Amino acid sequence: MSGTAPTAAPVLPARGRLRPLGLDAVRVTGGFWAERQSINAAATLAHIEHWLDREGWIRNFDLAVRGDVSGQRRGREFSDSEVYKLLEAMAWEIGRTGDADLESRFRALVRRVVAAQEPDGYLNTNFGRPGQAPRWSDLEWGHELYCAGHLIQAAVARARTRPDADDGLVAAARRVADLVCETFGPDGVDGVCGHPEIEVALVELARTTGEERYLNQAALFVDRRGHGRLRDVEFGREYYQDDLPVRQATVLRGHAVRANYLAAGAVDVAVELKDASLLEAVCRQWETTVFRRTYVTGGQGSRHQDEAFGEDWVLPPDRAYSETCAGVGSVMLAWRLLLAEGDPRYADLIERTLFNVVSTSPAADGRSFFYTNTLHRREAGTRPDPDRPSQRAAASLRAPWFAVSCCPTNVARTLASLTAYVATADDAGLHLHQYLSGTVTHRLADGRDVGVSVATGYPHDGQIRVRVDGDADLPWSLSLRVPGWAIAGASLTVDGHTRPVGPGYVTEHRAWRRGDEVVLSLPMAPRFSYPDTRIDAVRGCVAVERGPLVYALESVDVPGGGSVDELRVDTSRPPRLAPDGRVTVRCARVRPAERGWPYRGDPAGVRPAAGELLDEVALVAYHAWANRGPSTMRVWLPTGPEVRGPAWEHTGC
């Protein structure tokens, strides 16, 4: 490693359209994301540590040291990875705050982990010891390389936040990576892992250490994928993207987390090796996936049985799987594409997914989580037992832990490193992609230090005020993203002059003076969103959005009680922002007719009977639903010609 301090960021490409700014350059000082980072640091990390210890997943490493793992090991085959993701989250948080207590806990946990490493570098508690299956004997389901990847990512986080740390984590990860290269190199085992992850990890380790063999091994894994090297399974080889080479695929498919992780690794390889055809292939897959296989929340994955993408336009809200980890993977992929290409659409999807998937998973107190993120809950469900892990897909409310607990740890590491996804730089200046109150500093290529302070109430307020914090003799550029949802009504004010701006990046290039301000004003009136008519499951429905937030109707807000499924929205009147900040819509309550057979030849006979008009029905930001106890909920709200009345003029949708 070089003598200069590395940028504290999860992704550090050697080239690309944009250069990321990390935790050392971006500081959050208040608002939506500051609150979530604070809860993550104060509550979530300790909560995860408690459950990992309670369930015995940390103790597995102690058992491995003693050599008596067989019959006593706890957790699934990939439980090691949750310990590694906690370490990564801790490393980013230590880098962000310098928390001394967290540093002590981090070191104690590292000691237990690295003590289990074998002389040749192998580190996994589920394979290779007496009574266990041999190493690398189950590439389809064993997750050995997947776990190794998460260990490496934890070490990369440590190297970039505390490059002089002497805890041994980075050395252990390098030994693991060396063994992977020796075992799976060009003259070794011709295989891949059933769960992609090792690819992104090896590339970042190569970027951190300068060791080219790690990059070459990642490239080898990417090119091996899709040639039938893994055994066929009940879900087909598409499940783990072994059905088509990455370069030939046109859309993300199969298990949604695996698909996003693999695509992210392919982008990393393409950027480092200047492989334009590989990068183009992933860009094509991303575009098709976003346009045809992504929920309005940014969630991905509509099939429960294999946690997978459905076919084009198959996006049923009540069967949405939309795994939290898939949301994290989507952010990972979109960020890499943004750095490589500079296209604001990637930042738009990051924003949508962060606000409506990643921030939806944890409860307000940071101690329970959604694994899946449905868009329509028909039954109120029951509170999970606070003392028992939940089955992930069966949890109708946020649960404190899961038998498969990949999502809590993924949320924790994402929130801890969140400020690394906010801003970038190029030779000309700074770019702000996500909006929060804080500061951004950077040293330009010519050695000049530049910086700005951002003040905003986003996402609840659309004014983003950016103040320049220093004088400059020469001009530099400040670019702000106008989100894709701000189709009309956005404006930029500079030197007292206001002009309209549209979606994309708006750039001001000048010799800035301390105190100069740029104010981006975004239209924050609530709005209806209409689905593509090819999405059968929500045809005739509307969603409500305000700024980057998707809203939902929750049963606790239905006047007089009752089901969310009894309401029909009047789209002739736009949703409103009430004085207390709530978003409201006008609805009619309809009562289904009681009949023995629900199908009739007379279309008028199957329409529900119109009931009372409900002038102001409050909605809740989707990320905040289910924080008030068991409830039903829906994001897509039905409209229909049956809801007419004396005071009702309905135009349909």
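To start, this report covers the structure provided alongside it. (Residues numbered from 1 in each chain as written. Predicted model: local features only at pLDDT ≥ 70, side-chain atom pairs only at ≥ 80, totals over all residues. Heavy atoms only, no water.)

### Overview of helix H10 (residues 276–292)
Step number 1: Taking 1.5 Å of rise per residue, 17 residues should cover 24 Å, and H10 covers 24 Å from first to last C-alpha, within 8% of that figure.
Step number 2: Buried residues of H10: Leu278, Leu279, Ala281, Val282, Cys283, Gln285, Trp286, Thr289 and Val290, and no others.
Step number 3: Structurally, H10 contributes buried residues whose contacts are with helix H8 (212–224), helix H9 (256–273), helix H11 (324–341) and helix H12 (344–358). (Helix = DSSP H or I, 4+ residues; strand = E, 2+ residues; numbered from the N terminus. Expected span 1.5 Å × (residues − 1). Buried < 20%, exposed > 50% of the residue type's maximum accessible area, 1.4 Å probe, protein only. Contact = heavy atoms within 4.5 Å.)

### Focus: the sheet that holds strand S6 (residues 437–443)
Step number 1: What the seven strands build is an open sheet, ordered S2-S6-S7-S8-S13-S10-S11; its pairing is antiparallel. Unpaired on one side and paired on the other, strand S2 (26–30) and strand S11 (497–500) mark the two borders of the sheet. Neighbour-to-neighbour, the strand axes of the sheet open up by a mean angle of 20°, direction not taken into account.
Step number 2: In the sheet, S6 pairs with strand S7 (residues 449–456) via six bridges, with the strands oriented antiparallel. (Pairing = 2+ DSSP bridges. Axes fitted to C-alpha atoms, helices over the stretch in contact; angles between N-to-C directions.)

### Examining the sheet that holds strand S9 (residues 476–482)
Step number 1: With respect to topology, five strands assemble into an open sheet ordered S1-S4-S5-S9-S12, the strand pairing being mixed. The sheet terminates laterally at strand S1 (19–20) and strand S12 (504–510), the two strands that pair on one side only.
Step number 2: Pairing of S9 with S12 involves seven bridges; the strand directions are antiparallel. Opposite Leu480, over in S12, you have Val506 as the bridge partner.

### Details of the environment of Ala364
Step number 1: Within the secondary structure, Ala364 is located in the loop between H12 and strand S3 (376–377).
Step number 2: With residues near it in sequence (within four places) discarded, Ala364 still touches Ile39 and Asn627.

### Re unusual backbone geometry
Step number 1: Here the amide bond leading from Tyr458 into Pro459 is cis, since omega sits at 15°, within 30 degrees of zero.
Step number 2: Here Pro459 shows up in the loop between S7 and strand S8 (463–468).
Step number 3: Backbone geometry places Lys274, a non-glycine residue, at a positive phi of 55°.
Step number 4: Along the chain, Lys274 falls in the loop between H9 and H10.
Step number 5: By relative accessible area, Lys274 is classed as exposed at 63%.
Step number 6: Despite not being glycine, Asp495 shows a phi value in the positive range, around 55°.
Step number 7: Along the chain, Asp495 falls in the loop between strand S10 (491–494) and S11.

### So, the nonpolar core
Step number 1: One finds Trp476 and Leu480 to be the most contacted residues of the largest nonpolar core, which totals 188 residues.
Step number 2: Beyond its immediate chain neighbours, meaning those up to four positions away, Leu480 contacts Leu432, Tyr435, Val466, Leu492, Gly504, Tyr505, Val506, Val518 and Leu520.
Step number 3: In terms of nonpolar packing, the next biggest core, distinct from the first, is built from 21 residues, Tyr295, Ile535, Val538 and Ala626 among them. (Core = buried A, V, L, I, M, F, W, Y, C linked by side-chain atoms within 4.5 Å.)

### Observations regarding the environment of Gly547
Step number 1: Relative to the helices and strands, Gly547 is located in the loop between strand S15 (541–546) and strand S16 (549–554).
Step number 2: C-alpha separation for the pair Gly547 and Met524, spaced 23 residues apart in sequence, amounts to 5.3 Å.
Step number 3: Apart from residues lying up to four places away in sequence, Gly547 is in contact with Trp485, Met524 and Arg527.

### With respect to the pattern of salt bridges
Working definition: two side chains of opposite charge can pair if their charged atoms are close together.
Step number 1: For the structure on display, the rule yields 67 salt bridges.
Step number 2: Taking the shortest distance from any N to any O, the salt bridge between Glu287 and Arg345 comes out at 3.5 Å. Of this pair, Glu287 sits in helix H10 while Arg345 sits in helix H12, and the two are 58 residues apart along the sequence.
Step number 3: Judged by its relative accessible area of 32%, Glu287 falls in the partly exposed class.
Step number 4: The exposure class of Arg345 is partly exposed, given its relative accessible area of 29%.
Step number 5: Across the salt bridge formed by Arg481 and Asp348, the nearest N and O atoms sit 2.5 Å from each other. With Arg481 in strand S9 and Asp348 in helix H12, this pair connects stretches of sequence that are 133 residues apart. The same class applies to Arg481 as to Asp348, namely buried. (Salt bridge = Lys/Arg side-chain N within 4 Å of Asp/Glu carboxyl O.)

### Some details on the packing of aromatic side chains
Step number 1: Taken as a whole and assessed by the stated rule, the structure comprises 23 aromatic pairs.
Step number 2: Taking the centre distance of 5.4 Å and the plane angle of 20° together, the rings of Phe370 and Trp625 count as stacked. With Phe370 in the loop between H12 and S3 and Trp625 in the loop between strand S20 (609–621) and strand S21 (633–634), the pair connects residues that are 255 residues apart, well separated along the chain.
Step number 3: Phe370 sits in the buried class, given a relative accessible area of 3%.
Step number 4: Where Tyr435 meets Tyr458, the ring centres are 5.8 Å apart and the plane angle is 90°; that geometry is what we call edge-to-face. In this pair, Tyr435 is assigned in the loop between strand S5 (429–432) and S6 and Tyr458 in the loop between S7 and S8, connecting sequence segments 23 residues apart.
Step number 5: With a relative accessible area of 3%, Tyr435 lands in the buried category.
Step number 6: Cluster of aromatic residues (ring-pair linked, three or more members): Phe32, Trp33, Phe355, Tyr435 and Tyr458.
Step number 7: If you follow Arg54 out to its NZ or CZ, it ends over the ring of Trp51, 4.5 Å from the centre.
Step number 8: Here the basic side chain of Arg510 rests over the ring of Trp512, its NZ or CZ set 5.1 Å away from the ring centre. (Phe/Tyr/Trp six-rings, centres within 6.5 Å; stacked < 30°, edge-to-face > 60°. Lys NZ or Arg CZ within 6 Å of the ring centre and 35° of its normal.)

### Overview of the packing of H8 against H9
Step number 1: Packing of H8 against H9 leaves a shortest axis separation of 10 Å and a crossing angle of 125°. Here H9 runs oblique to H8, going by the angle between their axes. Considering how the two elements wind past one another, H8 and H9 form a crossing that is left-handed. Contact residues: Leu215, Ala218, Ala219 and Val222 in H8; Gly265, Ala266, Val269, Glu272 and Leu273 in H9.
Step number 2: Of the residues that constitute the contact of H8 with H9, the class distribution is seven nonpolar, one polar and one charged. (Parallel < 35°, antiparallel > 145°, perpendicular 65-115°, else oblique. Left-handed = near helix turned anticlockwise from the far one by under 90°. Nonpolar A, V, L, I, M, F, W, Y, C, P; charged D, E, K, R; others polar.)

### Here's the deal with the state of the cysteines
Step number 1: Under the criterion given, the structure shown has zero disulfides.
Step number 2: Among the cysteines around Cys181, which has no disulfide bond, Cys193 carries the closest sulfur, lying 15 Å off.
Step number 3: Judged by relative accessible area, which is 13%, Cys181 ranks as buried. (Disulfide = S-S within 2.5 Å.)

### Here's the deal with the side chain of Ser81
Step number 1: Here Ser81 lies in helix H3 (residues 79–97).
Step number 2: One polar contact links the side chain of Ser81 to the main-chain carbonyl oxygen of Phe78, over a distance of 2.7 Å.
Step number 3: In this structure Ser81 touches Tyr146, Cys147 and His150, once residues within four positions along its chain are discounted. (Polar contact = N/O pair within 3.5 Å; in protein donor to acceptor, adjacent residues only side chain to side chain.)

### Section: the packing of helix H1 (residues 32–54) against helix H13 (residues 406–416)
Step number 1: Between H1 and H13, the least distance of the axes is 9 Å, while the angle of their chain directions is 135°. With respect to their mutual orientation, H1 and H13 come out oblique. At the point where H1 passes H13, the crossing takes the left-handed sense. Across from Trp33, Arg36, Gln37, Asn40, Thr44, Leu45 and Ile48 in H1, the residues of H13 making contact are Pro408, Thr409, Ala412, Leu415 and Ala416.

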